[in-house]
Amino acid sequence: MSREHLVVPGGADRGELSLPVFSLNKGQGPRLLITGGNHGNELEGPLGARRLVCRL
């Protein structure tokens, strides 16, 4: 597993944003994207996605 960050440039109302991106490379085949952020103050989705990535 590798961990990188996707950097989103800042806008007029905020600074830049660094989002963690995990990659599990287990050969060829279908790919799956897991996202979990809906609203900035709701952590359940991103935490659930991170737990799933750690278990895989």
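Residues numbered from 1 in each chain as written. Predicted model: local features only at pLDDT ≥ 70, side-chain atom pairs only at ≥ 80, totals over all residues. Heavy atoms only, no water.

A separate point is the overall build of the protein chain. Summing up its helical and strand segments, the protein chain has 1 helix and 2 strands in all. From first element to last, N terminus to C terminus, the protein chain shows the α and β order β-β-α. At 13 Å, the protein chain has a C-alpha radius of gyration far larger than the 10 Å of a compact globule built from 56 residues. Here the protein chain, with 56 residues, has 5% of them falling under the buried criterion. Nonlocal contacts in the protein chain, meaning residues at least 24 apart in sequence, comprise 20% of its contacts between residues at least 6 apart. Looking at the protein chain as shown, the accessible area adds up to about 5,200 Å², and 54% of this sits on carbon and sulfur atoms. Here the protein chain contributes 7 positively and 5 negatively charged side chains, and the mean placements of these two sets differ by 13 Å. (Helix = DSSP H or I, 4+ residues; strand = E, 2+ residues; numbered from the N terminus. Rg over C-alpha atoms; globule rule 2.2 N^0.38 Å. Buried < 20%, exposed > 50% of the residue type's maximum accessible area, 1.4 Å probe, protein only. Contact = heavy atoms within 4.5 Å. Areas by Shrake-Rupley, 256 points an atom, 1.4 Å probe, with all protein chains shown as cover. Lys, Arg positive; Asp, Glu negative; His and termini not counted. Charge placed at Lys NZ, Arg CZ, Asp CG, Glu CD.)

Turning next to the environment of Ser-18. For Ser-18, the position within the fold is in strand β2 (residues 17-23). Between the alpha carbons of Ser-18 and Val-7 there is a distance of 4.5 Å; along the sequence they are 11 residues apart. Excluding its chain neighbours within four sequence positions, the residues that come into contact with Ser-18 are His-5, Leu-6 and Val-7.

Side chains of Met-1, Leu-24, Leu-32, Ile-34, Leu-52 and Leu-56 sit close together on the surface and give an oily, nonpolar patch of about 600 Å² of accessible area. Relative to the elements of secondary structure, Leu-56 occurs in the segment after α1 (44-55). Judged by relative accessible area, which is 51%, Leu-56 ranks as exposed. (Patch = residues over 30% accessible without salt bridge, like charges linked within 9 Å, V, L, I, M, F, W, Y side chains within 5 Å. Salt bridge = Lys/Arg side-chain N within 4 Å of Asp/Glu carboxyl O.)

Further remarks concern the confidence of the model for the protein chain. Model confidence for the protein chain is summarised by a mean pLDDT of 83, while 98% of its residues fall at 70 or above. Here β2 stands out as the element of the protein chain with the lowest mean pLDDT, 84, in contrast to strand β1 (residues 2-8), whose mean of 88 is the highest. (pLDDT = per-residue confidence, 0-100.)

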